[in-house]
Amino acid sequence: MTEHVRVENNNGILTLTLARPDKKNALTDAMYRKLADTIEAAESDPSVRVLLIRGEGDMFTAGNDVGEFAAVASGKSEGSRNVGRFIQSLARCTRPLVAAVQGRAVGVGTTMLLHCDLVVLAENTQLSTPFVSLALVPEAASSLLMPARIGYARAYEMFALGETVPAKSALEWGLANRVVPLERLDTEALALAQRLAKQPAGALIATKKLMRDGEALVAQMNAEGEQFAKRLRTAEAREAFTAFAERRPPDFTKVS
Ligand code: COA
């Protein structure tokens, strides 16, 4: 089977590349497993000083694989445990996390950025969290982190209306550190990762621990996860995923 997540460790920088470009890097259970395994293992690997997440192709990621959501919604699958492992590994990651993002970052593609310590966006980036449009609820502790980061008004609009946020606004709102031309994205993100890799690792870890309470984030993820699992099995969700498969807009007025 093709590996859809590539992992390379160079001079203390562990690069995780989402590599399923023909499906816009939509994340499958197998991809979440590989990401979670890698991030968890990095915690006990002293050679890893910084983690860098990036996506191959024209977009960072179109979010969770909608086909896998649809399988749960129709009762054909029990659902993934690895997505939970992945987001928890982000919450608990003590090393600095850097993200390089281009094109669309949908759903978990955006919410994972709230766990990254430095976020570099290409000028063409568009962030979106259309959970409600898919009859779902926010995840990855974003129901806590997003309003804390950008304010309730903007966060609610992103979640409830699925509003897309362009790179310039994302920078102004504090969702990113830098916006750069697309051709400089990888170089800029790598340069920041290299600067972090030269900093004293112990002080970086202690600073991050003071700034973020990983266990509180995991508790929020668990609360969201309960709602998410329930919503995924509703008629609303079945309509959302059927509409995606049929390439038509959903009609929620006919489902209760
Ligand atoms: N899950 C599964 N497959 C996906 C996907 C996803 N989240 N996003 C894109 N794909 C697939 C498409 O089905 C298509 O496959 P095909 O070539 O076999 O038909 C391929 O990737 C290319 O996608 P396409 O929609 O043609 O690209 P686009 O550039 O026109 O649009 C998006 C890109 C991201 C705007 C659009 O694909 C989209 O809205 N995806 C769903 C995003 C989403 O709702 N994610 C869940 C968030 S919680």
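Residues numbered from 1 in each chain as written. Predicted model: local features only at pLDDT ≥ 70, side-chain atom pairs only at ≥ 80, totals over all residues. Heavy atoms only, no water.

Engineer: Pulling in residues and values, what's your account of the overall build of the chain?
Structural biologist: Scanning the chain for helices and strands turns up eleven helices and nine strands. Its C-alpha atoms give the chain a radius of gyration of 18 Å, within 12% of the compact-globule value 18 Å for 256 residues. Oriented by its inertia axes, the alpha-carbon framework of the chain measures out at about 55 × 35 × 35 Å. Among the 256 residues that make up the chain, the fraction classed as buried is 47%. In the chain, the share of contacts with a sequence separation of at least 24, taken over all contacts with a separation of at least 6, comes to 73%. Element-wise, carbon and sulfur atoms account for 54% of the exposed surface of the chain, whose accessible area totals about 12,400 Å². (Helix = DSSP H or I, 4+ residues; strand = E, 2+ residues; numbered from the N terminus. Rg over C-alpha atoms; globule rule 2.2 N^0.38 Å. Buried < 20%, exposed > 50% of the residue type's maximum accessible area, 1.4 Å probe, protein only. Contact = heavy atoms within 4.5 Å. Areas by Shrake-Rupley, 256 points an atom, 1.4 Å probe, with all protein chains shown as cover.)

Engineer: Please give an account of the site of the ligand that cites residues and values.
Structural biologist: Around the ligand, the surrounding shell holds 16 residues, and the nearest of these are Lys23, Ala62, Asn64, Asp65 and Val66. The contact in question runs from a nitrogen atom of the ligand to an N or O atom on the backbone of Ala62, over 2.8 Å. Within the side chain of Arg247, one N or O atom sits 3.4 Å away from an oxygen atom of the ligand. Protein chains shield 67% of the accessible area of the ligand, which is 880 Å² for the free molecule. Split into classes, the residues belonging to the shell around the ligand amount to eight nonpolar, two polar and six charged. (Near = heavy atom within 4 Å. Polar contact = N/O pair within 3.5 Å; in protein donor to acceptor, adjacent residues only side chain to side chain. Nonpolar A, V, L, I, M, F, W, Y, C, P; charged D, E, K, R; others polar.)

Engineer: Can you tell me about unusual backbone geometry, naming the residues and giving the values?
Structural biologist: Even without being a glycine, Ala141 presents a positive backbone phi close to 65 degrees. With respect to the helices and strands, Ala141 occurs in the loop between strand 7 (126-128) and helix 5 (142-150). Although it is not a glycine, Arg247 sits at a positive phi angle of roughly 50 degrees. In this fold, Arg247 is placed in the segment after helix 11 (235-245).

Engineer: How would you summarise the pairing of strand 2 (residues 13-18) if you had to cite specific residues and measurements?
Structural biologist: Buried residues dominate strand 2, accounting for six of its six residues. In strand 2, alternate side chains face the same way, and those of Ile13, Thr15 and Thr17 on one face and Leu14, Leu16 and Leu18 on the other are all buried. Across six bridges, strand 1 (residues 5-10) lies against strand 2 in antiparallel orientation. Bridge pairing in strand 2 places Asn10 opposite Ile13. Linking strand 1 to strand 2, which pair antiparallel, is a turn of two residues; within it Asn11 sits at a positive phi near 50 degrees. Where strand 2 meets strand 3 (residues 50-55), six bridges bridge the pair, whose relative direction is parallel. Across the sheet, the residue bridging to Leu14 is Leu51, located in strand 3. (Pairing = 2+ DSSP bridges.)

From the geometry alone we can't say anything about function, so treat these as descriptive.
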